[in-house]
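The lines below spell out each chain.
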Amino acid sequence: MKKIYHLSFTLMQVPKLNTHPLSIVNGFPLLRNLTIRLTSTISLHLEMKRCNFFISRLCKEGKIDDARKLFDEMAERDIGLWTTMISGYIKCGMIKEARKLFDRLDAKKNVVIWTAMVSGYIKFNQIKEAERLFYEMPLRNVVSWNTMIDGYARNGQTQLALDLFRRMPDRNVVSWNTIITALAQCGRMEEAQWLFNQMQERDVVSWTTMVAGLSKNGRIDDARALFDRMPVRNVVSWNAMITGYAQNRRLDEALELFERMPERDMPSWNTMITGFIQNGDLNRAERLFDGMPEKNVITWTAMMTGYVQHGLSEEALKIFNKMLYNDGLKPNTGTFVTVLGACSDLAGLTEGQQIHQLISKTVFQDSPYVVSALINMYSKCGELHVARKMFDDGILSQRDLISWNGMIAAYAHHGFGKEAINLFKEMQELGFQANDVTYVGLLTACSHAGLVEEGLKFFDELLKNRSIQVREDHYACLIDLCGRAGRLKEAFNIIGGLGEEASLSVWGALLAGCNVHGDADIGKLVAKKILKIEPENAGTYLLLSNMYASVGKWKEAANVRMKMKDKGLKKQPGCSWIEVGNTVQVFVVGDKSHSQYELLEYLLLDLHTNMKKARDMPDDDLLVGVQF
């Protein structure tokens, strides 16, 4: 007797997955129009497995609509197909579509799909929805609990993560590592240490997490003791310890450990180079950079940053060009911001425009950091109208505080105080909250434009704003504002109220004001304060000498110069440059070698005469010491 099998027939068109008429992927033939005939319940399972593969592949390629079409055409779907389709939506950033599919009455769900949905909401920072779904789960496994704990930790809700961890019925090593990492990142090292000591089983991640946490929180010696006790180390463990030493300014120990490493990866080299640059040791950073077997964009950007910080912006531009032409690497946001900073320092408009063209062909053209750097570059190069056009052309919804601050700073740089204030008011009307950087720009704008009362009003606002911490830069701007206006005693009293917190930049701003207004008495007191902080500052001696000379105290001026000579101090001559055509014209104080020196001197005298007529300038201070 023949057995009669129930046959189930389904015709299904599988979308094109390959341009070739026939190709093999993982052993499965992909045809331009593949027709699959399902002939039995046994082959149905096989074909569902095959379609699962096709759907997964389509999702990875971003062809989510084709994947959904194939999913909908299936007569029957197992739990694997539902999981693949919902996960595909999540990976493509389509959480709403994933939820619609998940909520269907015919949806087949298991703990994997529920956990995938929770993870998806966490990924898109919808922590409340993730939490609600987690508590609705009919069944949870250890992965589900770990996912929710990690979600709380990523959203800064460490206490909720800890509470959930304590309620877990079962834990694995990932559970312990997740909560220890969360505690370490928010500085709760005592609790992290206690949990670490309670662990029955530890892996290399557990040990490395504690080493990194202790280092980050300043307990570098405790971190090293733990590192030395590690039963097994990997390259990440070594990097964590090296990073700890670099962050705590113990570079010799970092280098010693780096040289002992059994193997190094790119982060190992980058950590050391970045550490040296952050601690001002450019020479050792250069030696490591030159010795690297392979470099990535982080490496090149770190070196550019180092050169810009040391005033070597031309070298930064050279490094940028080498990266583009030698390694063929693509710059990232940090690279463009750094190299545009170099162009700003050099007033290199041509170079800045070329880099702007590169940016316009990338996804970084809408980055607020890059846009702000472009605004700053055009401003520093004298193209304020281009900077404002860039700001105005940006979509209002894409503007953030960085862009507003950049434009306010641009107006401040050019002395357009009222325009900066108007822009600040417009920013507030649109609902943007000012931060510490905003007030630095505002105060600078008021100072450069002589808007003393407005500046004092903004500083008073700043003091009353408890959400913003008043920084050294704010006081330096305030002192510069008073100093330029001749309110030197008021400025001196303000600094006196700061006590020991008064920094070199604050005293320097007041000394500059004393020099402008010829107040040698206050200037002498200020100079003593500065020389106490920085005794080898040649510029301070020169300013003090000039102040004495401006009020006819020639003997005191000569004595200051003599002290400077005895100490062997020399001030670097002032230097300025301008780009004419494709040639950079450089001018140095005391240098008369320029081919058009006499013509330029007459031009300056003519300009000075016209300025006196326009502004009624009674003194000739502008040309004191101006030479080529």
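The preceding data block contains the structure.
Residues numbered from 1 in each chain as written. Predicted model: local features only at pLDDT ≥ 70, side-chain atom pairs only at ≥ 80, totals over all residues. Heavy atoms only, no water.

A. Just the environment of D66, in detail. Mapped onto the elements, D66 comes out in helix α2 (residues 64–73). For D66, a relative accessible area of 31% gives the class partly exposed. (Helix = DSSP H or I, 4+ residues; strand = E, 2+ residues; numbered from the N terminus. Buried < 20%, exposed > 50% of the residue type's maximum accessible area, 1.4 Å probe, protein only.)

B. The arrangement of the packing of helix α23 (residues 401–413) against helix α24 (residues 417–429) in detail. Between α23 and α24, whose axes approach to 8 Å, the crossing angle comes to 165°. If you check the angle between α23 and α24, you find them roughly antiparallel. Judged by the twist between their axes, the crossing of α23 over α24 is left-handed. Listed contacts from α24 to L401, W404, M407, I408 and Y411 of α23 are E419, A420, L423, F424, E426 and M427. (Axes fitted to C-alpha atoms, helices over the stretch in contact; angles between N-to-C directions. Parallel < 35°, antiparallel > 145°, perpendicular 65-115°, else oblique. Left-handed = near helix turned anticlockwise from the far one by under 90°. Contact = heavy atoms within 4.5 Å.)

C. Fine view of the packing of helix α14 (residues 251–260) against helix α15 (residues 266–278). Where α14 contacts α15, the two axes come as close as 11 Å, and the packing angle between them is 160°. With respect to their mutual orientation, α14 and α15 come out roughly antiparallel. Considering only the axes of α14 and α15, their crossing is left-handed. In this structure, α14 uses L251, A254, L255 and F258 to contact α15, whose residues at the interface are S268, W269, M272, G275 and F276. Here the residues of the contact of α14 with α15 sort into 7 nonpolar, 2 polar and no charged. (Nonpolar A, V, L, I, M, F, W, Y, C, P; charged D, E, K, R; others polar.)

D. Up close: the packing of aromatic side chains. All told, the structure shown has 18 aromatic pairs when counted by the stated rule. Where Y411 meets F416, the ring centres are 6.4 Å apart and the plane angle is 75°; that geometry is what we call edge-to-face. Residue classification places Y411 among the buried positions, given a relative accessible area of 9%. Take F416: its relative accessible area is 36%, and that puts it in the partly exposed class. Taken together, F134, Y135 and W145 form an aromatic cluster joined through their ring pairs. For the cation-ring pair, R264 lies above F258, with the distance from its terminal atom to the ring centre recorded as 4.1 Å. (Phe/Tyr/Trp six-rings, centres within 6.5 Å; stacked < 30°, edge-to-face > 60°. Lys NZ or Arg CZ within 6 Å of the ring centre and 35° of its normal.)

E. Seen up close, a nonpolar patch on the surface. On the surface, L603, L607 and M611 cluster together to form a nonpolar patch covering roughly 260 Å² of accessible area. With respect to the helices and strands, L603 occurs in helix α33 (residues 597–615). Residue classification places L603 among the partly exposed residues on the basis of a relative accessible area of 46%. (Patch = residues over 30% accessible without salt bridge, like charges linked within 9 Å, V, L, I, M, F, W, Y side chains within 5 Å. Areas by Shrake-Rupley, 256 points an atom, 1.4 Å probe, with all protein chains shown as cover. Salt bridge = Lys/Arg side-chain N within 4 Å of Asp/Glu carboxyl O.)

F. Spatial organisation of the pattern of salt bridges. Applying the stated criterion to the full structure yields 30 salt bridges. The shortest N-O distance in the salt bridge between R99 and E129 comes to 2.9 Å. You can see R99 sitting in helix α4 (residues 95–102) and its partner E129 sitting in helix α6 (residues 127–136), a full 30 residues away along the chain. A salt bridge links R132 to E129; the nearest nitrogen and oxygen atoms lie 2.7 Å apart. Here the residue R132 and the residue E129 both occupy positions in helix α6, the gap between them amounting to 3 residues, near one helical turn. Connected via shared salt-bridge partners are R99, D103, E129, R132 and E136.

G. Local environment of helix α22 (residues 384–393). Every buried residue belonging to α22 is among L384, A387, M390 and F391, and all of these are buried. All buried residues of α22 project into a common sector of 120° when viewed along the axis, lining one side. Counted as exposed and oriented over 90 degrees from the buried face of α22: H385, K389 and D393. Taken together, the buried residues of α22 touch α20 (349–359), α21 (368–380), α23 and α24. (Arc of directions from axis to C-beta.)

H. Quick look at the side chain of T438. Here T438 shows up in helix α25 (residues 436–449). The exposure class assigned to T438 is buried, which follows from its relative accessible area of 0%.

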